[in-house]
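These are the residues of each chain, in order.
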Amino acid sequence: MSLLKNYRKKELSFLANEIVDEYDFENEIDVELIAKKFISFYYDNYGVEEDGTEFEGLIIYDGYYFHVHINLDFVGFKDSKRARFSFAHELGHYFIVEHHHLLKNNYNPSNFNPKETNIIELEANYFAGVFLMPEKKFKTLSNGVKFSLDLVTKISDYFNVSRLAVLLRYVEIGAYPLMIAYCKNGILEWFERNEEFPHKAFRTKVGKELPINSTVGEYFRVGDYAKHTDIQRIDVEDWFYYNGKDEVILNEQCFYSEYGYVISLIWPD
Amino acid sequence: MANKKRYIKNESDLLKAMRSTGFCFPTNDSEQKMSLKLSSIDDSLIQESALEINPIEIWDADNPIEYDEVITLKPEVDYTQEWGIAAKGKAKISKSALDKILKNQNKKKD
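None of the values given here were measured: they were computed from a predicted structure. (Residues numbered from 1 in each chain as written. Chains lettered and ligands numbered in written order. Predicted model: local features only at pLDDT ≥ 70, side-chain atom pairs only at ≥ 80, totals over all residues. Heavy atoms only, no water.)

**Student:** Can you help me understand the overall build of chain B in this one?
**Tutor:** In terms of regular secondary structure, chain B is built from five helices and one strand. The N-to-C order of helical and strand elements in chain B reads α-α-α-α-β-α. Going through the 110 residues of chain B one by one, you find that 18% of them count as buried. A separation of at least 24 residues holds for 14% of the contacts in chain B among residues at least 6 apart in sequence. Total accessible area computed for chain B in this model is approximately 9,300 Å², and 54% of it derives from carbon and sulfur atoms. (Helix = DSSP H or I, 4+ residues; strand = E, 2+ residues; numbered from the N terminus. Buried < 20%, exposed > 50% of the residue type's maximum accessible area, 1.4 Å probe, protein only. Contact = heavy atoms within 4.5 Å. Areas by Shrake-Rupley, 256 points an atom, 1.4 Å probe, with all protein chains shown as cover.)

Following this line, the structure appears as structure tokens:
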């Protein structure tokens, strides 16, 4: 259940690939090299508020120029994976025509209901994923290879992006069946699965409780006693309705965030 | 019919009013406060700048002291309301972060 429409994803992919295709990078995309033609950018320790919040990256149109600011207090250091993603995200706001015009017309999320800004941020995130991991190279690395966490790490190192960013890209264009579920407080918040993923009939819905026998569902039900950090072998019926005669076993790997959410990956053998 | 209240009744009141509204230099705290209030300049900015000035040093100096820095006091402007902004993370920027943003951007302009 993607929050962005397919036609919009295609438009954003086309745009990001078109920009990157003008360059010939060995492996990781040099974001600064592309950015410096268009905008000014700054890395600084912009601080973190007492409640742990502050911007991670932002783009400003001051009436004359565009400026991108990256907060090192959030992203660590200049070329960190997180810094690169934040930078690419902000560049997305510059390159996506609709965002560009909104910024020039005094778009300011603090003036709006936060929910209205979500689509803008989601689009910039999607753009950043495509921009940092162009389709051709991504497929060269992933096609014909069985999905594994080692593969994710390899792609992550190649493009110098986080493993989560790789997973979200993989679920879009990867050739091996994969599903990602984003879960919080025992609820399925959203999920993505590629077309190759064979099981469609969920035992739950977005916004509803997780299936109790899934690894992630058990974690939210039982707590740290069921906090599995390695790959778990689960029965297909732990997550999906299944009418087949043969037993089907899936793999489930959970990643636990310090902010209370859990990302669960599910893939067949 | 009620009589209209008059605040300026004589020359002394007129002078006080002129000192409080920026037409003459203020001569005491209340005149200065009123003058600053009307000109929308933050009093704390004045206090901050005043701390950097040493009147004894000026008085004792043999030659006039040259000041190489011009301090311009401007009323605080919320730039974020004038800019187009898209932020990853928190949408509302703190004052301290905004100051650094402005400093960085201005440095680039110079």
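**Student:** Quick question: what am I supposed to make of the pattern of salt bridges here?
**Tutor:** Where charged atoms from two side chains of opposite charge approach closely, those side chains can pair. Evaluated as defined, the whole model comprises 14 salt bridges over all chains. A:Lys78 is the salt-bridge partner of A:Glu32, the closest N and O atoms lying 3.0 Å from each other. Taken together, the positions of A:Glu32 in helix α2 (residues 31–35) and A:Lys78 in the loop between α3 (72–75) and α4 (81–95) put the pair 46 residues apart, joining distant regions of the chain. With a shortest N-O distance of 2.9 Å, B:Lys95 and B:Asp99 are connected by a salt bridge. Of this pair, B:Lys95 and B:Asp99 both sit in helix α5 (residues 95–109), four residues apart, roughly one helical turn. You can call B:Lys95 partly exposed: its relative accessible area is 47%. A single network of salt bridges, built from pairs that share partners, joins A:Arg8, A:Glu11, A:Glu98 and A:Glu123. (Salt bridge = Lys/Arg side-chain N within 4 Å of Asp/Glu carboxyl O.)

**Student:** It is not clear to me how the environment of A:Ala165 should be interpreted in this structure. Could you clarify?
**Tutor:** Residue and element names in this part refer to chain A. By the element assignment, Ala-165 lies in helix α9 (residues 163–173). In the structure, Ala-165 is positioned 96 residues away from Tyr-261 in sequence and 16 Å away in space, judged by C-alpha atoms. With near-sequence residues (within four places) excluded, Ala-165 lies in contact with Phe-85 and Met-133.

**Student:** Please explain the sheet that holds strand β6 (residues 232–235) of chain A as it appears in this structure.
**Tutor:** Two orientations exist for strands paired in a sheet by backbone hydrogen bonds: parallel and antiparallel. Residues and elements named next belong to chain A. The antiparallel open sheet is built from five strands, whose spatial order is β5-β4-β8-β7-β6. Because the sheet does not close on itself, it has two edges, and the strands there are β5 (187–193) and β6. Strand-to-strand, the axes of this sheet are offset by a mean angle of 30°, without reference to chain direction. Bridge count between β6 and strand β7 (residues 249–256): four bridges; the pairing is antiparallel. Within the sheet, the bridge partner assigned to Arg-233 lies in β7 and is Asn-251. With respect to the sheet, helix α10 (residues 215–222) is in contact with β4 (179–184), β6, β7 and β8 (261–268), its orientation differing from that of β7 by roughly 45°. (Pairing = 2+ DSSP bridges. Axes fitted to C-alpha atoms, helices over the stretch in contact; angles between N-to-C directions.)

**Student:** Even after reading the chapter, I still don't get the packing of helix α8 (residues 149–159) of chain A against α9(A), so can you show me in this structure?
**Tutor:** Each pair of packed helices can be described by the angle between their axes along with the distance between the axes. Residues and elements named next belong to chain A. Interaxial distance between α8 and α9 falls to 9 Å at its minimum, and their mutual angle equals 110°. It follows from the interaxial angle that α8 and α9 lie roughly perpendicular. Residues Leu-151, Val-152, Thr-153, Ile-155 and Ser-156 of α8 pack against Arg-163, Val-166, Leu-167 and Tyr-170 of α9. Taken together, the residues of the contact of α8 with α9 break down into six nonpolar, two polar and one charged. (Parallel < 35°, antiparallel > 145°, perpendicular 65-115°, else oblique. Nonpolar A, V, L, I, M, F, W, Y, C, P; charged D, E, K, R; others polar.)

**Student:** It is not clear to me how the side chain of A:Ser264 should be interpreted in this structure. Could you clarify?
**Tutor:** Residues and elements named next belong to chain A. Among the structural elements, Ser-264 can be located in strand β8. A polar side-chain atom of Ser-264 sits 2.6 Å from a polar atom in the side chain of Glu-252. Once you skip the residues sitting within four places of it in the chain, Ser-264 turns out to touch Met-179, Ile-180, Ala-181, Val-216, Trp-239, Glu-252, Gln-253 and Cys-254. (Polar contact = N/O pair within 3.5 Å; in protein donor to acceptor, adjacent residues only side chain to side chain.)

**Student:** I'm lost on the packing of aromatic side chains in this one. Help?
**Tutor:** How two aromatic rings sit relative to each other is set out by the distance from centre to centre and by the angle between their planes. Counted by the stated rule, this structure contains 26 aromatic pairs over all chains. Positioned over the ring face of A:Tyr256 is A:Lys227, at 5.2 Å from the centre of the ring. (Phe/Tyr/Trp six-rings, centres within 6.5 Å; stacked < 30°, edge-to-face > 60°. Lys NZ or Arg CZ within 6 Å of the ring centre and 35° of its normal.)

**Student:** Help me out: how do you make sense of the pairing of β5(A) in this one?
**Tutor:** The side chains of a regular strand alternate between both faces of the sheet. Residue and element names in this part refer to chain A. The pairing of β4 with β5 spans six bridges and is antiparallel. Its bridge partner lying in β5, Cys-183 is registered against Leu-188. As consecutive antiparallel partners, β4 and β5 are separated by two residues, and within that stretch Asn-185 has a phi angle of approximately 50°, a positive value.

**Student:** So what exactly am I meant to see when it comes to the nonpolar core here?
**Tutor:** Burial of nonpolar side chains together is a common tendency in soluble globular proteins. Membership of the largest hydrophobic core comes to 63 residues, with the highest contact counts inside it found for A:Ile39, A:Phe87, A:Phe131 and A:Phe147. Those residues within four positions of A:Phe131 in sequence are excluded, and the remaining contacts are A:Ala16, A:Ile19, A:Val20, A:Ile29, A:Val31, A:Ile34, A:Ala88 and A:Leu91. (Core = buried A, V, L, I, M, F, W, Y, C linked by side-chain atoms within 4.5 Å.)

**Student:** It is not clear to me how a nonpolar patch on the surface should be interpreted in this structure. Could you clarify?
**Tutor:** All names here are of chain B. A cluster of nonpolar residues, Tyr-7, Ile-8, Leu-14, Met-18 and Phe-23, forms a patch on the protein surface that exposes about 570 Å² of accessible area. Its location among the elements puts Leu-14 in helix α1 (residues 11–20). A relative accessible area of 40% means that Leu-14 is categorised as partly exposed. (Patch = residues over 30% accessible without salt bridge, like charges linked within 9 Å, V, L, I, M, F, W, Y side chains within 5 Å.)

**Student:** I tried to follow α10(A) on my own but got confused; where do I start?
**Tutor:** In an α-helix, one turn spans 3.6 residues, which is why side chains three or four residues apart end up on the same side. Residue and element names in this part refer to chain A. Buried residues of α10: Thr-215, Val-216, Gly-217 and Tyr-219, and no others. If you follow the buried residues of α10, they end up packed against β4, β6, β7 and β8. Of the residues trailing α10, Gly-223 is marked for its positive phi of about 100°.

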